[in-house]
Amino acid sequence: MSIKGIIHSIQSLGTVDGPGIRFVVFLKGCNLRCGCCHNPDTWDMSGGTEYTAEEIVNKAIRYKEYFGRQGGITLSGGEPLLQPQFVKEVFALCKEKGINTCLDTSGSILSDDVKELLKFTDRVLLDIKYTNDEDYKKYVGCSISEPLRFLDYLESKKIPTTVRQVIIPTLNDSEENIKALREITMAHKTVDKIELLPFKKICQVKYDNMGIEFPFAHIPEPDKKLMDKLNMDFIMI
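Re the side chain of Thr-190
If you trace the backbone, Thr-190 turns up in the loop between α7 (175–186) and β8 (191–198). Judged by relative accessible area, Thr-190 falls into the buried class, the value being 10%. The residues contacting Thr-190, other than those within four sequence positions of it, are Leu-151, Leu-154, Glu-155, Lys-158, Ile-159, Pro-160 and Thr-161.

Observations regarding the sheet that holds strand β5 (residues 100–105)
Strand pairing in a sheet is mediated by backbone hydrogen bonds. Such pairs are either parallel or antiparallel. With respect to topology, eight strands assemble into an open sheet ordered β3-β1-β2-β4-β5-β6-β7-β8, the strand pairing being mixed. Lying at the two open borders of the sheet, with one neighbouring strand each, are β3 (49–52) and β8. Strand-to-strand twist across the sheet, computed as the mean angle between neighbouring axes with direction ignored, equals 30°. The pairing of strand β6 (residues 123–127) with strand β7 (residues 161–167) spans four bridges and is parallel. Across the sheet, Asp-127 pairs through a bridge with Arg-164, a residue of β7. Sitting on the sheet, helix α1 (residues 53–61) touches β1 (4–14), β2 (22–27), β3 and β4 (72–76), and the angle it makes with β3 is about 85°.

Overview of the pairing of β8
Bridge analysis of β7 against β8 gives seven bridges, and the strand direction is parallel. Bridge assignment links Thr-161 to a residue of β8, and that residue is Val-191. With respect to chirality, the unit in which β7 leads through α7 into the neighbouring parallel β8 is right-handed.

Examining the pattern of salt bridges
On inspection of all chains with the given rule, the structure shows 12 salt bridges. Here Lys-193 ties to Glu-195 by a salt bridge, and the two come within 3.3 Å at their closest N and O atoms. Residue Glu-195 is classed as buried on the basis of its relative accessible area of 19%. In this structure, Lys-224 and Asp-228 form a salt bridge, with 2.7 Å as the shortest nitrogen-oxygen distance. Within this pair, Lys-224 and its partner Asp-228 are both found in helix α9 (residues 224–236), separated by four residues, close to a single helical turn.

Parameters and conventions
- Residues numbered from 1 in each chain as written.
- Predicted model: local features only at pLDDT ≥ 70, side-chain atom pairs only at ≥ 80, totals over all residues.
- Heavy atoms only, no water.
- Helix = DSSP H or I, 4+ residues; strand = E, 2+ residues; numbered from the N terminus.
- Buried < 20%, exposed > 50% of the residue type's maximum accessible area, 1.4 Å probe, protein only.
- Contact = heavy atoms within 4.5 Å.
- Pairing = 2+ DSSP bridges.
- Axes fitted to C-alpha atoms, helices over the stretch in contact; angles between N-to-C directions.
- Right-handed = clockwise from strand over helix to strand, strands pointing away.
- Salt bridge = Lys/Arg side-chain N within 4 Å of Asp/Glu carboxyl O.

Okay, structure coming up:
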């Protein structure tokens, strides 16, 4: 019997979750509680819709003509690595159908099942949320050693990786953080792209609707000038 995944939502033609045009599947469940989380409605595994891997891939195939050379399917969340056997089934079927596979993850889980699914993964979008252990434990809920260990494994398997970091004013918008992030990425040849993303508070309505506090509601969004500076700093440092 095919394993069923618990899905929060599906975006048929995404443009920000990996290269090209992508069929993006947001899975339910997350083991972390990031202060800047945009999707608190994905934390709990309950309330989602169950799909088999075949059902997901059959939906994705409808959009294959739009994918071009770079596009494909992205599994995001929540944290998709909480449902590793389902992710493996989806990705394995995609490989049979000639569909590029991309995993969007925090890199906080590296089990044998995760290692198996990575065999069918063309690209990983890896969040490196901060560059010191104190902030990781305080604002994420795990040690920085976990995503770094995940990145080391990606390096060992030569899996193309995009490192992403949400820039949060007062927390990681310093030159010191950018320098540390550059050192991390430069030490891993498998990292071929880095994305600095501006912190957004559009998710506030989700927290309000769920009756829970948005931990970073008091933090301002970064303006374009700051983002331009940090992107330039990353290049120049």
